[in-house]
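Residue-level structure breakdown
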Amino acid sequence: MESKEDEELKKVQVVDARARNISHNVRCTECGSQSIEDSQADIAILLRKLIRDEIQSGKSDKEIYKKLEDDFGETVLYAPKFDMQTAGLWLSPLLVAGAAGGLWAFKKHKQKTNVHIMVLDLVRGVPLTPKEKETMLDILTPPPPVGSTPSAWWGRWTGR
């Protein structure tokens with residue numbers, strides 16, 4: 001007798017666990033920001049009951065998701081499928097990152113190319129504009145050595 005009750009209890013627990021799992025992945029159509037498991041809206045309560053009824057009638061999780069999607073549209077699911085309509089949504093981060101990387105590479109290449117052109121102009125004897133001269137001096141002048149000036153030594157020695 002107890003084994004029959006235990007079996008019945010396990011069956012109820014499995015149905016409950018499956019229903020909760022599905023309910024966590026379905027968006028409340030009234031709230032929008034909550035799953036139907038977390039929402040207390042009337043439609044969420046009805047959907048939870050519908051899911052439990054579908055599970056008890058022997059339907060698989062996929063069939064239940066498909067029924068909900070057919071009845072309420074794809075937006076009811078938290079994880080939209082990948083197809084031609086949602087490809088832009090899924091691929092947009094990659095496109096933005098690729099465009100940013102391409103722009104960065106182009107600017108670096110252009111910067112290097114301009115320096116090489118200026119050097120070639122110098123070798124050919126073509127006069128540089130004042131901005132080009134300033135750029136060349138900035139590139140070719142080595143940075144001042146750090147800490148080698150007498151005032152730097154004096155500052156360290158006196159503790160300033």
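Residues numbered from 1 in each chain as written. Predicted model: local features only at pLDDT ≥ 70, side-chain atom pairs only at ≥ 80, totals over all residues. Heavy atoms only, no water.

As recorded in an unreviewed UniProt entry, the protein goes by Cytochrome c-type biogenesis protein and comes from Salix dunnii. Database annotation for the protein, UniProt heading Sequence similarities (unreviewed entry): "Belongs to the CcmH/CycL/Ccl2/NrfF family." (UniProt positions renumbered as here; feature names shortened; annotations may be inferred.)

**Structural notes on the overall build of the protein**
Secondary structure assignment for the protein yields six helices and zero strands. Going from the N terminus to the C terminus, the protein shows its helices and strands as α-α-α-α-α-α. For the protein, the proportion of its 160 residues judged to be buried stands at 20%. Considering only contacts in the protein between residues 6 or more positions apart, those separated by 24 or more positions represent 39%. Carbon and sulfur atoms make up 62% of the accessible area of the protein, which amounts to about 12,600 Å² in all. (Helix = DSSP H or I, 4+ residues; strand = E, 2+ residues; numbered from the N terminus. Buried < 20%, exposed > 50% of the residue type's maximum accessible area, 1.4 Å probe, protein only. Contact = heavy atoms within 4.5 Å. Areas by Shrake-Rupley, 256 points an atom, 1.4 Å probe, with all protein chains shown as cover.)

**Focus on the UniProt feature "transmembrane region" (unreviewed entry) in the protein**
Listed under "transmembrane region" (unreviewed entry) in the UniProt record, and renumbered for this structure, are residues 87–106. In residues 87–106, the share of helix is 100% and the share of strand is 0%. The end C-alpha atoms are 27 Å apart.

**Regarding the packing of helix 2 (residues 42–56) against helix 3 (residues 61–72)**
Viewed as axis vectors pointing N to C, helix 2 and helix 3 meet at an angle of 140 degrees, and their least axial separation amounts to 11 Å. Compared by their axis directions, helix 2 and helix 3 come out oblique. The two elements helix 2 and helix 3 meet at a crossing, and its hand is right-handed. Facing Leu47, Leu50, Ile51, Glu54 and Ile55 of helix 2, the residues of helix 3 in contact are Ile64, Lys67, Leu68 and Phe72. Taken together, the residues that form the contact of helix 2 with helix 3 break down as seven nonpolar, no polar and two charged. (Axes fitted to C-alpha atoms, helices over the stretch in contact; angles between N-to-C directions. Parallel < 35°, antiparallel > 145°, perpendicular 65-115°, else oblique. Left-handed = near helix turned anticlockwise from the far one by under 90°. Nonpolar A, V, L, I, M, F, W, Y, C, P; charged D, E, K, R; others polar.)

**Thoughts on helix 3**
Taking 1.5 Å per residue as the helical rise, helix 3 with its twelve residues ought to reach 16 Å, and the 16 Å between its terminal C-alpha atoms agrees with that figure. Note on helix 3: the residue one or two positions beyond its end, Gly73, has a positive phi of about 95 degrees. (Expected span 1.5 Å × (residues − 1).)

**Overview of a negative patch on the surface**
Taken together, the side chains of Glu5, Asp6, Glu7 and Glu8 define an acidic patch exposed on the protein surface. Position of Glu8 among the secondary structure elements: in helix 1 (residues 2–24). (Patch = residues over 30% accessible without salt bridge, like charges linked within 9 Å, V, L, I, M, F, W, Y side chains within 5 Å. Salt bridge = Lys/Arg side-chain N within 4 Å of Asp/Glu carboxyl O. Lys, Arg positive; Asp, Glu negative; His and termini not counted. Charge placed at Lys NZ, Arg CZ, Asp CG, Glu CD.)

**A short note on the nonpolar core**
Residues Ile22, Val26, Ile36, Ile51, Ile55, Ile64 and Leu68 are the most contacted members of the largest nonpolar core, which totals 16 residues. Aside from chain neighbours lying at most four places away, what touches Ile36 is Ser23, Val26, Arg27, Cys28, Ala44, Leu47, Arg48 and Ile51. (Core = buried A, V, L, I, M, F, W, Y, C linked by side-chain atoms within 4.5 Å.)

**Thoughts on a nonpolar patch on the surface**
On the surface, Phe82, Leu89, Trp90, Leu91, Leu94 and Leu95 cluster together to form a nonpolar patch covering roughly 690 Å² of accessible area. In this fold, Trp90 is placed in helix 4 (residues 87–124).

**Some remarks on the environment of Thr75**
Within the element layout of this structure, Thr75 appears in the loop between helix 3 and helix 4. When the C-alpha positions of Thr75 and Cys28 are compared, they lie 9.8 Å apart, and in sequence the two are 47 residues distant.

**Notes on the state of the cysteines**
As used in these notes, a disulfide is a covalent bond between sulfur atoms, one from each of two cysteines. Counted under the stated rule, the structure contains zero disulfides. Here Cys28 stays free of any disulfide, with the sulfur of Cys31 as its closest cysteine sulfur at 3.5 Å. (Disulfide = S-S within 2.5 Å.)

**Let's talk about the environment of Thr29**
Position of Thr29 relative to the elements: it lies in the loop between helix 1 and helix 2. Along the sequence, Thr29 and Ala44 sit 15 residues apart, while their C-alpha atoms lie 7.7 Å from each other. What Thr29 contacts, discounting residues up to four positions off in sequence, is Ile43, Phe72 and Val76.

**So, the pattern of salt bridges**
With the rule as written, the count across this model stands at eight salt bridges. Across the salt bridge formed by Arg20 and Asp16, the nearest N and O atoms sit 3.0 Å from each other. Placement of both Arg20 and Asp16 in helix 1 is noted, with a separation of four residues, approximately one turn of the helix. You can call Asp16 partly exposed: its relative accessible area is 25%. A salt bridge links Glu54 to Lys59; its shortest N-O distance comes to 3.0 Å. Salt bridges sharing common partners tie together Asp16, Arg20, Glu37 and Arg52.

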